[in-house]
Amino acid sequence: MREILPEVFHWTARHPKIGIPVSSYWLRSEGVLLDPMIPQEGLERFVPPPTDILLTNRHHYRESGKFVERFGCRVWCVEQGLHEFRSGEPVQGFRFGARLVGGIEAFEIDVLCPDETAFVVPRAGGIVAVADGVIREDDGPLTFVPDAYMGENPRQVKRGLRAAYLRLVESREFSHLLLAHGQPWIGGAHEALRAFAASGS
């Protein structure tokens with residue numbers, strides 16, 4: 001786990017179902033976890049304990065249940081994704097546009113899945129956390145997920161995602177991008193996401 005911005009921590013852990021490392025984040029000032037796996041340091045690392053977990057989409061519940069058991073965290077997913085939780089997971093819903101704990105805004109991305117959410121965090125020059133619509137291998141450029149994960153019409157999905165990200169950069173100011181897959185983009189993320197969305201790549 002490393003502190004990438006003041007009171008913002010990032011770590012990776014291997015996802016037991018998909019077998020690859022995924023990224024998680026702790027916004028300590030807000031008491032918020034994003035798409036959490038348990039870090040190598042264990043749950044003891046979280047002081048003060050987190051109070052809330054925000055899921056960038058329904059597939060990112062990951063190890064949230066262990067944080068709920070240990071800390072009593074509330075788990076939040078946009079209401080379009082609540083159908084995923086049929087085994088008693090304590091997940092609460094919100095609507096796109098809602099202001100959540102710490103003043104974090106839930107911005108609608110949709111397209112790749114109807115619950116694809118970006119969270120806009122109003123501090124440190126602006127932070128945006130995204131789900132699976134855009135990823136980053138190690139410290140490389142922003143890319144889309146492989147076409148195999150984009151349904152029957154990847155070209156249409158990519159057009160929709162580019163439009164959604166352009167709406168985001170045109171309406172919100174931010175400097176940093178937290179990705180669920182790959183390394184975060186610290187500094188200059190607004191222009192990087194704009195260039196990616198406008199590129200047609």
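Further up the page is the structure itself.
Caption draft 1: Up close: the sheet that holds strand S1 (residues 2-5). The strand order across the open sheet formed by 7 strands is S1-S2-S3-S4-S5-S6-S7, and the pairing between neighbours is mixed. The sheet terminates laterally at S1 and strand S7 (91-94), the two strands that pair on one side only. Averaged over all adjacent pairs, the angle separating strand axes in this sheet is 30°, with direction ignored. Judged from the 3 bridges that link them, strand S3 (residues 21-27) and strand S4 (residues 32-34) form a sheet pairing that is antiparallel. Looking at the pairing, Leu 27 lines up with Val 32 of S4.

Caption draft 2: Just the packing of helix H2 (residues 154-171) against helix H3 (residues 189-199), in detail. Orientation of H2 relative to H3, taken along the N-to-C sense of each, is 150°, at an axis distance of 9 Å. In the packing of H2 onto H3, the handedness of the crossing is left-handed. Counted together, Arg 162, Tyr 165, Leu 166, Leu 168, Val 169 and Glu 170 of H2 and His 190, Leu 193, Arg 194, Phe 196, Ala 197 and Ala 198 of H3 form the full contact between these two elements. Along the lines of polarity and charge, the residues of the contact of H2 with H3 split into 8 nonpolar, 1 polar and 3 charged.

Caption draft 3: Spotlight on empty space enclosed by the protein. Per the stated rule, a full pass over the model turns up 1 cavity of 30 Å³ or more. For the largest cavity, the calculated volume is near 40 Å³. Contributing to the lining of the largest cavity are Ser 23, Tyr 25, Leu 34, Asp 35, Thr 56, Ala 129, Val 130, Leu 178, Leu 179 and Ala 180. Of all the elements in the fold, those that place two or more residues in the lining of the largest cavity are S3, strand S10 (127-130) and strand S13 (176-179). Residues that form the lining of the largest cavity fall into these classes: 7 nonpolar, 2 polar and 1 charged.

Caption draft 4: Local environment of the sheet that holds S13. Pairing in this open sheet of 5 strands is mixed, and the strands run S8-S9-S10-S13-S14 from one edge to the other. Taken across any chain shown, the strands that pair with only one partner, and hence form the sheet edges, are strand S8 (105-108) and strand S14 (185-186). Judged from the 4 bridges that link them, S10 and S13 form a sheet pairing that is parallel. In the strand pairing of S13, Val 130 is matched with Leu 179. Across the sheet, H2 is in contact with S8, strand S9 (117-121) and S10; its angle to S8 comes to roughly 140°.

Here is what the cut-offs are and how they apply
Residues numbered from 1 in each chain as written. Predicted model: local features only at pLDDT ≥ 70, side-chain atom pairs only at ≥ 80, totals over all residues. Heavy atoms only, no water. Pairing = 2+ DSSP bridges. Helix = DSSP H or I, 4+ residues; strand = E, 2+ residues; numbered from the N terminus. Axes fitted to C-alpha atoms, helices over the stretch in contact; angles between N-to-C directions. Left-handed = near helix turned anticlockwise from the far one by under 90°. Contact = heavy atoms within 4.5 Å. Nonpolar A, V, L, I, M, F, W, Y, C, P; charged D, E, K, R; others polar. 1 Å grid on protein atoms, 1.4 Å probe; cavity = no way out; pocket = protein on both sides within 12 Å on 5 of 7 lines; lining within 4 Å. Points joined across faces, edges and corners; volume = space filled by probe spheres on them.

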